[in-house]
Amino acid sequence: MKKFGKKLVATAVAATMALSFAACGGSGSGSTQAATQASGGGDTEAAAPAQSSSGDLIKVGIINNDPNESGYRTANDKDLKAMFCAENGYDASFAYSLKNDEQITAAQKFIQDGVDYLLLSAADTSGWDGVLKDAQDAGIQVILFDRTIDADPNLYAASIVSDMDKEGEQAANWLKDQNLSEYNIIHLQGVMGSAAQQGRSGALDQLAKDNGWNIVTQQTAEWNAEKAEQIVKSVIDSGEKFNVVYAENDDMAKGAVAALDKANISHGVGKDVVIIGFDCNKWALEELLAQNWNYDGQCNPFQAKYIDEVIKTLESGGTPAEKTIIMEEKGFDATTIKQEDVDNYGI
């Protein structure tokens, strides 16, 4: 594997991107399920520090979505920063954006700077082949985390991701099982083109088509509570009837609920509007426990220890046992959730 001298990246890759440094805290050939992590963050303490063959810190460039995007992303970023620090054998630099072209610019910068590993949570599933080929030509290993991309699996070493299709299927099937007298759905989508949006939208689209459900509106709120509130308010103002809000993350569900509350429309178990969210923020699960929401789908943000294990395997000259590691996730129903679920799974 190609190695390079230690150097911290200190130049911003684009005006709209944030670049920061890690600070320590507290497969095409098959796949395996990773154990669900409890509340409070993943187990990011490495059994022993990672070490390159030269004895230098392992240089890692990490490209992620904006940590302010959601509670999920904040937890994901915190987990990565706790793992990829000098104490654990890493020299890590971080770049953030919700835009694919800006992420690609960041990736090219990291390749030029000679990182040993490029860790990627892509804003969009497409457009990555060129970057991955450039990394491969430079002797840089690419590891996907959080989200899949549409690329040749031979271009990356491993993928530690959520099964977004399954998340969507679990939620959509739960909704079908409610046997509502009619289905009039406000569908709040995440950032278009992302794996999370595609998986969570695809399942609802299919069941709506199969069962004749009415999608009152289907718009992206880009994971944002304020934008979601505006969309729901516009539907309320139009006078069009609805009885389900299917929001592709908790923040958008919270924004939808804010609009409902201002209009004095009841929501939750046995109320006028069914509320569905994703990510399992602790505050969202508390809304389920209070039966103000109806369903929340888990998305596990704690991937750092699995990435660390893959890097250690590669550094020792081995090959990861599984090309794809899929995080184990579940969905929670307001009628059956318990306080221990909030404590164990809330992020």
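The shown structure was predicted, so the numbers you read here are calculated from the model rather than taken from an experiment. (Residues numbered from 1 in each chain as written. Predicted model: local features only at pLDDT ≥ 70, side-chain atom pairs only at ≥ 80, totals over all residues. Heavy atoms only, no water.)

K.L.:
Just checking my understanding: could you explain the confidence of the model for the protein chain for this structure?
P.N.:
Interpretation of this model should avoid reading the predicted coordinates in detail wherever pLDDT is low. Across the protein chain, the average pLDDT comes to 88, with 85% of residues at 70 or higher. Across residues 1-31 the pLDDT falls below 50, and counting only partners more than four positions away or on other chains, this stretch makes 88 contacts in the model. In this model, residues 35-41 is a region of pLDDT below 50 whose contacts with residues beyond four sequence positions or in other chains number 24 contacts. (pLDDT = per-residue confidence, 0-100. Contact = heavy atoms within 4.5 Å.)

K.L.:
When you look at the pairing of strand S8 (residues 184-189) in this model, what are you seeing that I'm missing?
P.N.:
Looking down a regular strand, the side chains alternate between one sheet face and the other. Taken across its six residues, S8 has six buried, putting it largely inside the fold. Taking every second residue as pointing to the same face, both faces of S8 are buried, with Asn184, Ile186 and Leu188 on one and Ile185, His187 and Gln189 on the other. Across six bridges, S8 lies against strand S9 (residues 214-220) in parallel orientation. Bridge pairing links Leu188 to Gln219 in S9. Read from S8 through helix H5 (residues 195-211) to S9, the crossover connection turns out right-handed. Pairing of S8 with strand S10 (residues 244-247), which is carried by four bridges, proceeds in the parallel orientation. Following the sheet pairing, Ile186 is matched in S10 by Val245. (Buried < 20%, exposed > 50% of the residue type's maximum accessible area, 1.4 Å probe, protein only. Helix = DSSP H or I, 4+ residues; strand = E, 2+ residues; numbered from the N terminus. Pairing = 2+ DSSP bridges. Right-handed = clockwise from strand over helix to strand, strands pointing away.)

K.L.:
Whenever I open this one, the packing of helix H4 (residues 164-177) against H5 confuses me. Can you help?
P.N.:
Two packed helices can be described by the angle between their axes and the distance between those axes. Two elements in contact, H4 and H5, have axes separated by 7 Å at closest approach and are oriented at 35°. Here the hand of the crossing between H4 and H5 comes out right-handed. Packed against H4, whose contacting residues are Met164, Asp165, Glu167, Gly168, Glu169, Ala172, Asn173, Leu175 and Lys176, the element H5 presents Ala195, Ala196, Gly199, Arg200, Ala203, Leu204, Leu207 and Asn211 at the interface. For the contact of H4 with H5, the class distribution of residues is eight nonpolar, four polar and five charged. (Axes fitted to C-alpha atoms, helices over the stretch in contact; angles between N-to-C directions. Left-handed = near helix turned anticlockwise from the far one by under 90°. Nonpolar A, V, L, I, M, F, W, Y, C, P; charged D, E, K, R; others polar.)

K.L.:
Honestly, the pattern of salt bridges in this entry has me stumped. Any pointers?
P.N.:
In a structure, side chains of opposite charge can pair up when their charged atoms sit close to one another. According to the stated counting rule, one finds 13 salt bridges in the structure shown. Taking the shortest distance from any N to any O, the salt bridge between Glu182 and Lys241 comes out at 3.2 Å. In this pair, Glu182 sits in the loop between H4 and S8 while Lys241 sits in the loop between helix H6 (225-238) and S10, placing the two residues 59 residues apart along the sequence. Residue classification places Glu182 among the partly exposed residues on the basis of a relative accessible area of 35%. Residue classification places Lys241 among the exposed positions, given a relative accessible area of 52%. Asp237 is paired through a salt bridge with Lys233; the nearest N and O atoms lie 2.8 Å apart. Residue Asp237 and its partner Lys233 are located together in helix H6, separated by four residues, close to a single helical turn. (Salt bridge = Lys/Arg side-chain N within 4 Å of Asp/Glu carboxyl O.)

K.L.:
Can you walk me through the packing of H6 against helix H7 (residues 250-262) in this structure?
P.N.:
Following both chains from N to C, one finds H6 and H7 inclined at 40°, their axes separated by 7 Å at the closest point. When the axis of H6 is compared with that of H7, the two are oblique. In this structure, H6 crosses over H7, and the sense of that crossing is right-handed. Where H6 approaches H7, its residues Ala225, Ala228, Glu229, Val232, Lys233 and Ile236 are matched on the opposing element by Asp251, Met252, Gly255, Ala256, Ala258, Ala259, Leu260 and Lys262. Among the residues forming the contact of H6 with H7, the class breakdown is nine nonpolar, one polar and four charged. (Parallel < 35°, antiparallel > 145°, perpendicular 65-115°, else oblique.)

K.L.:
Got a minute to help me understand the packing of aromatic side chains in this structure?
P.N.:
Remark: the centre distance and the inter-plane angle together describe each pair of aromatic rings, the angle taken between the planes. One pass over the full model with this rule turns up seven aromatic pairs. Ring centres of Phe94 and Tyr96 lie 6.2 Å apart, and the angle between their planes is 20°; on these two criteria the pair is classed as stacked. In this pair, the class of Phe94 matches that of Tyr96, namely buried. (Phe/Tyr/Trp six-rings, centres within 6.5 Å; stacked < 30°, edge-to-face > 60°.)

K.L.:
What is the right way to read empty space enclosed by the protein from this model?
P.N.:
By rolling a water-sized probe across the atoms, one finds the places where empty space is left. In this structure, the largest cavity spans a volume of roughly 80 Å³. Tyr72, Arg73, Arg147, Arg200 and Asp279 are the residues nearest the centre of the largest cavity, which is lined by 14 residues in total. Each residue belonging to the lining of the largest cavity can be placed in one class, and the counts come to five nonpolar, two polar and seven charged. (1 Å grid on protein atoms, 1.4 Å probe; cavity = no way out; pocket = protein on both sides within 12 Å on 5 of 7 lines; lining within 4 Å. Points joined across faces, edges and corners; volume = space filled by probe spheres on them.)

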